[in-house]
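Spelled out from the first residue to the last, the chains are:
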Amino acid sequence: MCSFIVLIPSVRIYNVNSHENKENALNEKVSASGSSPLTTHVLNSGDGVPAARLALSLHRLDSNLLIWNLLTVGTTNEDGRCPGLISSEAFTAGMYKLRFETGAYWERLGRTSFYPYVEVVFTISEPQQRFHVPLLLSRFSYSTYRGS
Amino acid sequence: MSVQRLQKLQGHIVSASKVTMAGPSSPLTTHVLNTAMGVPGSNMALSLSRQDPSTAAWSLITTGTTNADGRCPGLLTREMFTVGVYRMRFETAQYWESLGETCFYPYVEIVFTINDPSQKFHVPLLLSRFSYSTYRGS
């Protein structure tokens, strides 16, 4: 009778071990900082203030079905920001849309606006980077740019 | 006054008379500017649609391409310009691709409300690869 002793190289054990540790480290990093790789900032350039309490939503295009999947709904805080838009894991390459409910925002301030809403559609090909998609908004104009 | 400024003024005057000769000018106009290169955004495909207020569905009104000056005359006639919500769509990635560059925005859609169609509305697009802006002009 032959018995076989399978020897697992110690190098292999070390590699498996370090992968597990890396994963744990990643999870810790996401939960500790919790910062979204995609951020926005809405500024009311007409009044020179952050656009607070403006409703917005983030969508990703399903490339097969060609429909928009709603990922996040949020409202800007007092500083016009909306933290926690998306997690690093969920942030895959693709086409995204940030929709800002600008008409409702101006209405709440008792004013009319030329734009009922603003949708900014952008392509993410390198999701390991950080992307800042701000909106500078007045009643009759808006602008956006890719920030960091 | 600089030579360039004089040329620009001349261009405005010549363009205006061209439009008059062709027919009544559209109450809605646009102008695409490539702010990265400091040139008009010429040869950019665009389309204009109106939203049906009851179904919220979009109907295509016009498609066009910007001319050498980044403009697209004759978007619509006064009769067609009714109260409603309109959408101008600019094929921005396609435009930058023809220049051998990528663009952060695959397209730009500007949705705006027209309550008083007796006025003239100018909806320009100032565009670079990584930014754009628009405003209500006259």
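Computed from a predicted model, the values in this text were never measured in an experiment.

Cut-offs and rules
- Residues numbered from 1 in each chain as written.
- Chains lettered and ligands numbered in written order.
- Predicted model: local features only at pLDDT ≥ 70, side-chain atom pairs only at ≥ 80, totals over all residues.
- Heavy atoms only, no water.
- Helix = DSSP H or I, 4+ residues; strand = E, 2+ residues; numbered from the N terminus.
- Buried < 20%, exposed > 50% of the residue type's maximum accessible area, 1.4 Å probe, protein only.
- Contact = heavy atoms within 4.5 Å.
- Areas by Shrake-Rupley, 256 points an atom, 1.4 Å probe, with all protein chains shown as cover.
- UniProt positions renumbered as here; feature names shortened; annotations may be inferred.
- Polar contact = N/O pair within 3.5 Å; in protein donor to acceptor, adjacent residues only side chain to side chain.
- Pairing = 2+ DSSP bridges.
- Axes fitted to C-alpha atoms, helices over the stretch in contact; angles between N-to-C directions.

Overview of the overall build of chain A
Piece 1. From N to C terminus, chain A includes 2 helices and 10 strands.
Piece 2. Listed N to C, the secondary structure of chain A is α-β-β-β-β-β-β-α-β-β-β-β in terms of helices and strands.
Piece 3. Across the 148 residues in chain A, those meeting the buried criterion constitute 36%.
Piece 4. Long-range pairs, those at least 24 residues apart, make up 61% of the contacts in chain A between residues at least 6 apart in sequence.
Piece 5. When the accessible area of chain A is evaluated, it comes to approximately 8,800 Å², of which 56% is carbon and sulfur surface.

Quick notes on the UniProt feature "binding site: substrate" (unreviewed entry) in chain B
Residue and element names in this part refer to chain B.
Piece 1. According to UniProt, the positions carrying the feature "binding site: substrate" (unreviewed entry) are His31, Arg71 and Tyr135.
Piece 2. Along the chain, His31 turns up in the loop between β1 (28–29) and β2 (32–34).
Piece 3. Taking relative accessible area as the criterion, His31 reaches 12% and is therefore assigned buried.
Piece 4. Excluding its chain neighbours within four sequence positions, the residues that come into contact with His31 are Asp69, Gly70, Arg71, His122, Val123, Pro124 and Leu125.
Piece 5. In terms of polar contacts, His31 uses its side chain to reach the backbone carbonyl oxygen of Asp69, at 2.8 Å.
Piece 6. Here Tyr135 lies in strand β10 (residues 131–135).

Structural notes on the UniProt feature "binding site: substrate" (unreviewed entry) in chain A
All names here are of chain A.
Piece 1. Those residues carrying the UniProt feature "binding site: substrate" (unreviewed entry) are His41, Arg81 and Tyr145 in this numbering.
Piece 2. Of note, His41 is situated in the loop between β1 (38–39) and β2 (42–44).
Piece 3. The exposure class assigned to His41 is buried, which follows from its relative accessible area of 11%.
Piece 4. Contact partners of His41, with chain neighbours within four places excluded, come to Asp79, Gly80, Arg81, His132, Val133, Pro134 and Leu135.
Piece 5. From its side chain, His41 meets the backbone oxygen of Asp79 in a polar contact 2.8 Å long.
Piece 6. Excluding its chain neighbours within four sequence positions, the residues that come into contact with Arg81 are Thr40, His41, Thr75, Thr76 and His132.

Examining the sheet that holds strand β5 (residues 67–75) of chain A
Whenever strands of a sheet pair, they do so through backbone hydrogen bonds, lying parallel or antiparallel.
All names here are of chain A.
Piece 1. Here we have 4 strands laid out as an open sheet, ordered β5-β4-β6-β7, and antiparallel in their pairing. With one partner strand each, in any of the chains shown, β5 and β7 (118–124) form the two edges of the open sheet. When the angles between neighbouring strand axes are averaged without regard to direction, this sheet yields 20°.
Piece 2. Relative to β7, strand β6 (residues 94–100) runs antiparallel, the two sharing 7 bridges. Bridged to Lys97 within β7 is Val121.

Section: the sheet that holds strand β6 (residues 84–90) of chain B
Residue and element names in this part refer to chain B.
Piece 1. The 4 strands lie next to each other as β5-β4-β6-β7, forming an open sheet whose pairing is antiparallel. Looking at strand neighbours, the two that pair on one side only are β5 (58–65) and β7 (108–114), the edges of this open sheet. Ignoring strand direction, the axes of neighbouring strands in this sheet form an average angle of 20°.
Piece 2. As paired elements, β6 and β7 share 7 bridges and run antiparallel to each other. Across the sheet, Phe90 pairs through a bridge with Val108, a residue of β7.

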